[in-house]
Amino acid sequence: MQDSEYGAWNDTNVIHPYRAWIPDGFVAPRDGEPIETEDGLGVNASAVHMVIEVVSPGKRNQDRDRVRKRREYARAGIPVYVIIDDYDNHGTVSIQTAPVPEHGPYEDEHRVPYGTEAVVPEGPAKGFVVGEAITGPKRG
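First, a word on scope: everything that follows refers to the structure included in this document. (Residues numbered from 1 in each chain as written. Predicted model: local features only at pLDDT ≥ 70, side-chain atom pairs only at ≥ 80, totals over all residues. Heavy atoms only, no water.)

Attention shifts here to the overall build of the protein. A tally of regular secondary structure across the protein gives two helices and eleven strands. Reading the protein from its N terminus to its C terminus gives the helix and strand order β-β-β-β-β-β-α-β-β-β-β-β-α. Relative to its length of 140 residues, the protein is compact, with a C-alpha radius of gyration of 15 Å against a globular reference of 14 Å. Its C-alpha atoms put the protein at 50 × 35 × 25 Å along the principal axes. Going through the 140 residues of the protein one by one, you find that 39% of them count as buried. If you take every contact in the protein between residues at least 6 apart in sequence, the share linking residues at least 24 apart comes to 45%. Charged side chains in the protein number 15 positive and 23 negative. The centres of these two groups are separated by 9 Å. (Helix = DSSP H or I, 4+ residues; strand = E, 2+ residues; numbered from the N terminus. Rg over C-alpha atoms; globule rule 2.2 N^0.38 Å. Buried < 20%, exposed > 50% of the residue type's maximum accessible area, 1.4 Å probe, protein only. Contact = heavy atoms within 4.5 Å. Lys, Arg positive; Asp, Glu negative; His and termini not counted. Charge placed at Lys NZ, Arg CZ, Asp CG, Glu CD.)

Following this line, the structure appears as C-alpha cells:
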C-alpha cells in the first residue's frame, strides 16, 4: 500500500456514534474523505475499510476481541475484520466480511489454522495474505 491512497494505522481511536475502540491496526485513506472526527479524538469508522485485531490473553480480553469488537465493527459497517487468535484451537486466523449494521454480525467468515494462508478478499488490502510469515507454522 506504499503507493496507495490508503494507509495502515494503529494506536488510534476508531469512533462510531457513542462508541470508541482502539484496534491493533486498521486500513483507511491517507487523506481525502473525512477521516478524523470533528473533535480530533480519532477517526470516523465510516472511513475505515479493514480492522485487524490480535486477540489478547485472558477471557475478558478474548470476549472483547472475538465478540464485542466484532459486533461493534459490523454495526459500524467496517467491511473487513481480521482476527488473529493464538487462543482459538491452537491458533486461528478469521476473516469476517459482509457486515450487517442493523444486527451487528458479519455474514461471511473464513477461518483457517495458523500456517495456512488467509487472503483478504476485498477492499484496499485485497490480496493481502495472513500466513505463516505472520502467524508462524501450524500448531498442534
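The rest of the description comes next.
Further remarks concern helix α1 (residues 59–75). Taking 1.5 Å of rise per residue, the 17 residues of α1 would be expected to cover 24 Å, and the 23 Å separating its terminal C-alpha atoms lies within 8% of that figure. Its maximal kink placed at K69, α1 deviates by approximately 35 degrees. Turning to α1, its buried residues number three or more, namely Q62, D65, K69, E72, Y73 and A74. If you follow the buried residues of α1, they end up packed against β3 (19–21), β6 (50–54), β7 (80–85), β8 (92–99) and β9 (106–113). (Expected span 1.5 Å × (residues − 1). Bend = angle between axes of the 7 residues up to and from the residue.)

On to the sheet that holds strand β5 (residues 43–44). Taken in spatial order, the three strands line up as β3-β2-β5 in an open sheet, and their pairing is mixed. For this open sheet the edge positions go to β3 and β5, each flanked by a neighbour on one side alone. In terms of strand pairing, strand β2 (residues 14–16) meets β5 through two bridges, oriented parallel. Paired with V14 across the two strands is V43, which belongs to β5. Strands in contact with α1 are β2 and β3; relative to β3, the strand with the most contacts, it is inclined by about 125 degrees. (Pairing = 2+ DSSP bridges. Axes fitted to C-alpha atoms, helices over the stretch in contact; angles between N-to-C directions.)

With 18 residues, the main nonpolar core has V14, F26, V48, V51, Y73 and I78 as its most contacted residues. Put simply, the parts of the chain that give this core at least two residues each are β4 (25–29), α1 and β7. In this view, V51 contacts P23, G25, F26, Y73, I78, V80, Y81 and V82; residues no more than four positions away in its chain are not counted. (Core = buried A, V, L, I, M, F, W, Y, C linked by side-chain atoms within 4.5 Å.)

On the secondary structure map, V120 appears in the loop between β10 (118–119) and β11 (129–130). Along the primary structure V120 and T97 are separated by 23 residues, whereas in three dimensions their C-alpha atoms are 9.2 Å apart. Contacts of V120, omitting those with residues within four sequence positions, involve M50, V80, V82, I95, A125, K126, G127 and F128.

To continue, consider the pattern of salt bridges. This model, assessed by the stated rule, comprises ten salt bridges. With its nearest N and O atoms 3.3 Å apart, the salt bridge here joins E72 to R19. Taken together, the residues span a long stretch of sequence, with E72 in helix α1 and R19 in strand β3 at a distance of 53 residues. Overall, the relative accessible area of 7% leaves E72 in the buried class. Judged by its relative accessible area of 42%, R19 is partly exposed. E72 is the salt-bridge partner of R71, the closest N and O atoms lying 3.8 Å from each other. (Salt bridge = Lys/Arg side-chain N within 4 Å of Asp/Glu carboxyl O.)

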